[in-house]
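# Structural overview
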Amino acid sequence: MRAIISDKAKYSILILLIIFFAPSWAQKNFTISGQIKDKETGEDLFGATIIVENLKGVGTTTNMYGFYSLTLPAGEHQLVFSYIGFENIEFKINLTQNVKKDIQLGSNSTQINEVVVTAEKADRNVSSTQMSVARLDLKEAEALPVLFGERDILKTIQLMPGVQSTGEGSSGFYVRGGSSDQNLILLDGAPVYNASHLLGFFSVFNSDALRDVQLYKGAIPAEYGGRLSSVMDVKMKEGNSKKLEINGGIGLIASKLTIEAPIVKDKGSFIISGRRTYADLFLKLSNDEMQNKSSLYFYDLNLKANYQLGAKDRLFLSGYFGKDHFGFSDIFGFDWGNRTGTLRWNHTFSDKLFSNTSLIYSEYNYKISIKSADFEIGSRIKDYNLKQDFDYYLNRNMKLKIGGNVIHHTFDPGYLESNNDNLNSIDVQNKYSLESALYISNEHKIGGRLTFTYGLRYSNFNQIGPGDFYTYDSEGEVKDTSTIGNWESVASFNNLSPRLGAHFTLNESSSIKASYSRTTQYLHLMSNSSTGTPLDIWLPSSNNIWPELADQYAIGYFRNFKSNLYEFSIEAYYKTMDRVIDFRPGAEINLNPTIEGELLYGKGRAFGLEFFVKKSQGKFTGWISYTLARSQRQIEQVNNGNWYSAKQDRIHDISVVAMYKLSKRLDISAVWVYYTGNAVTFPSGKYEIEGETINYYTERNGYRMPDYHRLDLSLTLNNKRTKSYIDPESGEKREKKKRFESSWNFSIYNTYMRENAYSITFRPNEDDPKKTEAVQLALFKIIPSISYNFKF
Amino acid sequence: MKTISFPILIFLSIISILTFNACEKVIDIDLNESNPQLVIEALVLDSMVPATVKISQTASFYEYSDYVKINNAVVNISDSDGHIFPLNSIGNGIYTSDSLFGNSGKEYRLNVVYNGQVITSESTIPQKINIDSLSYKPFELGFGDEEMFMVYLYFNDPVNIENFYRFKIYKNGLLENGLRAYNDQYINGQNAKVNVGQFEKGDTVYVELYSVDYANYLYFKTLSDASGSDNPGNPVSNLEGENCLGYFGAYAFSFDTIVIR
């Protein structure tokens, strides 16, 4: 037995060596490289697959910019290019030299006599080396029911296993038992610090402007870092580089319009997309002065342009501007919003080396002006980020990613500017820090069946001056103050985060994947709500706040049935978190210069099983996801130091999504969601202080909210997409595609009117204060909505 | 008719959402029972008001709020000069002393013995801050038929020290709010103006201002933070001992009255 194992080990080391040095002595190799694009819009296709039919297990996928590179032995090869929802392209090529080959794939839906949407031979589930990823098909999401007539990717992604909603109607989410501030949300590489509008009911993402959304729940690739639980990478559309395209939508509370067009055909394009709510117009209709003097709206604007400078260079410029406003007459106003900007340069050094240089800006701020009392409160976070990434296609078996970045963070934790004699102005000192990282990772194929992805991310976080810095005693009182000069280091942290993954192909339709990843979080959200509010502020790791750490192990089995008609996966994960943050009772979060003394630190653990079955072809499509999970915390000063359930410890979480194409023009869909109620703290008694009833608590999160469930339905009525004409040559009746597409969407949220508990309060009865009762608040009993979308 | 009613239905629902006209109802939820805890409210004031200690017990949440009053505890308060003042039960869980009146700057120590349980606490009376005045003016955001008035309280916060305050507000002789507590973060060294609340014409508004120590501020701050919080908990108490809730406050006291005409 022992001998066999050691033989195997020797054998695998030998194999490894052979593969590593293979290029040096193997037969002559040539590289085929190029870009894969959407034929109709000219958009890059990210994650398109290239398979070499004649060489088993050989193939590659395109990177974010549609770039691919494949090194093959000289000779004749049969290549298949494919992408979900697009027609495959197959051709034979005789490799006698390095070849550059750009491919344009056509969408299935452009077929005229299309009735049934057929997807590509989608074995990505099984063949992709990446595990623990939720990828959203934005086209698919279009058919789902929506709340208030607004499509929202952050709500759709909550229907995937391991992703939970933070609450009724909310765009916030928890990933694998982590808290909502442990998700890194990137828009074209720029972090979005507060991804919600209108107190969480909408996300900042206007679906019309987006092209691709990926959520890494685990096995986070080495190029990402900065948050513990997940990375959501959202990419904006590049704009149609073939022709002018306009699409828009009119909903009950918001409307949007998107314009895309080529700058120079096939060389450059732009997109502008805007959205604004007009909910406050309805308020104006109200007779109630409290309502008709209020204003409440948000808008956002997405802009992007790209230009091909030559065969090897391409520039991108993208930006997002969003703002929320809430006000009452001229008495007070509350404004908040994100701004991001990304300037990016793609350069193809060779057919094997692809480079990506980005300069990224990101900002979030809020401002409250109380005009009646003549003062203003605000806060801001601002980042400049320089990032360099290389994709290096070393050989047919190895795909290297190497890169690094430096972020300069500026935090303005808060100010109060008063022109009021009764009120002091306060300015909490700005904080500055540098966050830098270097990474390397390799996707390494060993034989036809095994792929290892191994990577390492080194990160450094340096809190720098100028400013006054405090140290605190165990009670959180200031012990010592020191003044630090410009750019001087106050605290510095180094971390090595290994990211390991293995993918083993069992057979054509099944595989096993395993991964380990360590993540580090240097920025910490200060919030007294677990769902997030516009007033939340971010603070850097410092001489008092240590970085948070997490380790996650995951293993999964992936299987497709009936030649990829059904995909199935089951994943198990175990995650530990270190130095997670909570607050001392009575902690003052806003405008507090010594907030670092108000923090408590503890541990967390989360584990679970995720099941996912999906059917993505045919008239009837949809998926079922089920998550069985726990998430717990332990903090010395909370709950007597015992482990307790985190709020998002939901145990069971089920989503059922069904879509049916009734006819060419009519789609119906249904979504059913069920989850165990959140862990909450309820009183176990009561007493009286100053004549008022006070609840008495015995443990943290020892109770459960009632189970949550609801059914949403939707019906989409499309206009006639074709018109008939008589072919003048043959005299036959033919059909032609119409340029103008439109659709009506009718949705019902919470169809069977379940009163799901949004909150439960324990309080005295209004008529008889000596009687106390539990009062449940349900937010949305049933919400019908209607929207109209068009495209031409 | 049908074509009109559908959009109207939607508009109505939109409006009801925007005005947060959500639906509330009383529900049944099983709650755990807990062992009864001793609840102590103890007060020493720098005035002619005698020191008072109230002792009761916690009750089950769904019980009618007639709390068990404890009349057979041994209660005394001592001062930093070494004087010990026994407090006598006058029934209904209340203990008082005729001879104990507080002084600014002095530290007081509470000692309660009940059923073998010993509970102690300390509190110091801070510098006295007097109410400057009370005023009122018509409420700008007033709606409806009743004319409402906003009442304001003025006092001078000393600049060099950190001050903590409690307010008790009475309307026509009845306690309206006894739980408000503030620090001087926003008003340090200012002529502070504090919004007392909305009242109607004819109301008599009586306000008590207590200068309190940090522990008492923290108790009342964490008490009010707990309601409506995602993670409610018991307030941070300055009482030391097992199975007890409440606070011991030694306060400097000032008051004023205004009648809205």
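Residues numbered from 1 in each chain as written. Chains lettered and ligands numbered in written order. Predicted model: local features only at pLDDT ≥ 70, side-chain atom pairs only at ≥ 80, totals over all residues.

## Topic: the overall build of chain B
Along the backbone of chain B there are 2 helices and 15 strands. With 261 residues in all, chain B has 32% of them scored as buried. (Helix = DSSP H or I, 4+ residues; strand = E, 2+ residues; numbered from the N terminus. Buried ≥ 20, exposed ≤ 12 C-beta atoms within 10 Å, placed from the backbone.)

## Here's the deal with the sheet that holds strand β9 (residues 131-138) of chain B
Residue and element names in this part refer to chain B. Across the sheet, 3 strands lie side by side as β9-β10-β13; this open sheet has antiparallel pairing. Because the sheet does not close on itself, it has two edges, and the strands there are β9 and β13 (191-200). Averaged over all pairs of adjacent strands, the angle between their axes in this sheet comes to 25°, without regard to strand direction. Note: β9 against strand β10 (residues 148-156), 7 bridges, orientation antiparallel. In the sheet register, Pro138 faces β10, and the bridge partner there is Phe149. (Pairing = 2+ DSSP bridges. Axes fitted to C-alpha atoms, helices over the stretch in contact; angles between N-to-C directions.)

## What to know about the pairing of strand β14 (residues 204-212) of chain B
Regular strands show a simple pattern: their side chains alternate between the two faces of the sheet. Residue and element names in this part refer to chain B. Inspection of the sheet shows strand β11 (residues 164-171) paired to β14 by 8 bridges, in the antiparallel sense. Note on β14: the bridge partner recorded for Lys171 is Val205. As paired strands, β14 and strand β15 (residues 244-259) are joined by 8 bridges and run antiparallel to one another. Paired with Leu209 across the two strands is Ser254, which belongs to β15.

## Section: the domain arrangement of chain A
All names here are of chain A. As far as domains go, chain A holds domain 1 (23-111) and domain 2 (196-713). For domain 1 and domain 2, the distance between their C-alpha centroids amounts to 33 Å. The partner domain 2 presents 20 residues to the 22 residues of domain 1 that form the contact. Counting residues per element, the ones that place at least two in the side of domain 1 that touches domain 2 are β1 (29-38) and β4 (67-73). Looking at which element gives the most residues to the side of domain 1 that touches domain 2, the answer is β4, with 5 residues. Of the residues in the side of domain 1 that touches domain 2, the class split is 8 nonpolar, 9 polar and 5 charged. (Domains from an automatic or database assignment. Contact = placed C-beta atoms within 7 Å. Nonpolar A, V, L, I, M, F, W, Y, C, P; charged D, E, K, R; others polar.)

## Quick word on the interface of chain A and chain B
Interface size is commonly expressed as the accessible area that is lost once the parts come together. Contact residues are listed per partner, giving 57 residues for chain A and 57 residues for chain B. Elements supplying a minimum of two residues to the side of chain A that touches chain B: α5 (279-284), α6 (289-292), β44 (685-689), β45 (692-696), β51 (757-764), β52 (772-778) and β53 (783-791) of chain A. A per-element tally of the side of chain A that touches chain B places β52(A) first, with 7 residues. The class makeup of the residues in the side of chain A that touches chain B is 25 nonpolar, 19 polar and 13 charged. Where β52(A) lies against strand β1 (residues 23-27) of chain B, 5 bridges are found, and the strand directions are antiparallel. What sits directly across from Ala774(A), in β1(B), is Ile27(B).

## Regarding the nonpolar core
The biggest cluster of nonpolar side chains holds 75 residues, and the ones touching the most others in it are Ile157(A), Leu186(A) and Met232(A). In this structure Ile157(A) touches Ala134(A), Leu136(A), Val163(A), Phe173(A), Val213(A) and Leu215(A), once residues within four positions along its chain are discounted. Listed in part, the 60 residues of the second largest apolar core include Leu110(B), Phe167(B), Leu245(B) and Ala250(B). (Core = buried A, V, L, I, M, F, W, Y, C linked by C-beta atoms within 7 Å.)

## Here's the deal with unusual backbone geometry
All names here are of chain A. Following Gly465, the chain continues into Pro466 via a peptide bond in cis, with omega recorded as 5°. The topology assignment puts Pro466 in the loop between β29 (450-464) and β30 (467-472). Although it is not a glycine, Asp188 sits at a positive phi angle of roughly 50°. By the C-beta count within 10 Å, which is 22 here, Asp188 ends up buried. Backbone geometry places Ile651, a non-glycine residue, at a positive phi of 60°. Within the secondary structure, Ile651 sits in strand β41 (residues 651-661). On the neighbour-count criterion, Ile651 (17 C-beta atoms within 10 Å) is partly exposed.

## Details of the environment of Leu343(A)
Residue position: Leu343(A) is located in strand β23 (residues 332-348). Residue classification places Leu343(A) among the partly exposed positions, given that 14 C-beta atoms sit within 10 Å.

## Things to note about the pairing of strand β31 (residues 478-484) of chain A
All names here are of chain A. Counted residue by residue, β31 has 0 buried out of 7 residues, so it is predominantly exposed. With 6 bridges connecting them, β30 and β31 associate as antiparallel partners. Across the sheet, the residue bridging to Tyr470 is Thr481, located in β31. Counted along the chain from β30 to the antiparallel partner β31, the turn is 5 residues long, and its residue Gly476 has a positive phi close to 85°.

## Topic: the confidence of the model for chain A
When pLDDT is averaged along chain A, the result is 87, and 93% of the positions lie at 70 or above. Counting interchain partners and residues more than four positions distant, the pLDDT-below-50 stretch residues 16-26 of chain A has 6 contacts. (pLDDT = per-residue confidence, 0-100.)

## Section: the confidence of the model for chain B
Residue and element names in this part refer to chain B. Model confidence for chain B is summarised by a mean pLDDT of 86, while 89% of its residues fall at 70 or above. Contacts for the low-pLDDT stretch residues 1-13, under 50 throughout, to residues beyond four places or in other chains number 7 contacts. For this predicted complex, the interface score ipTM comes out at 0.90, alongside a pTM of 0.87.

## Section: the sheet that holds strand β12 (residues 183-187) of chain A
All names here are of chain A. Strand order across the open sheet formed by 5 strands is β9-β16-β17-β12-β13, with mixed pairing between neighbours. What marks the edges here is a single partner per strand, and that holds for β9 (133-136) and β13 (190-191). Relative to β13, β12 runs antiparallel, the two sharing 2 bridges. Paired with Leu187 across the two strands is Ala190, which belongs to β13.

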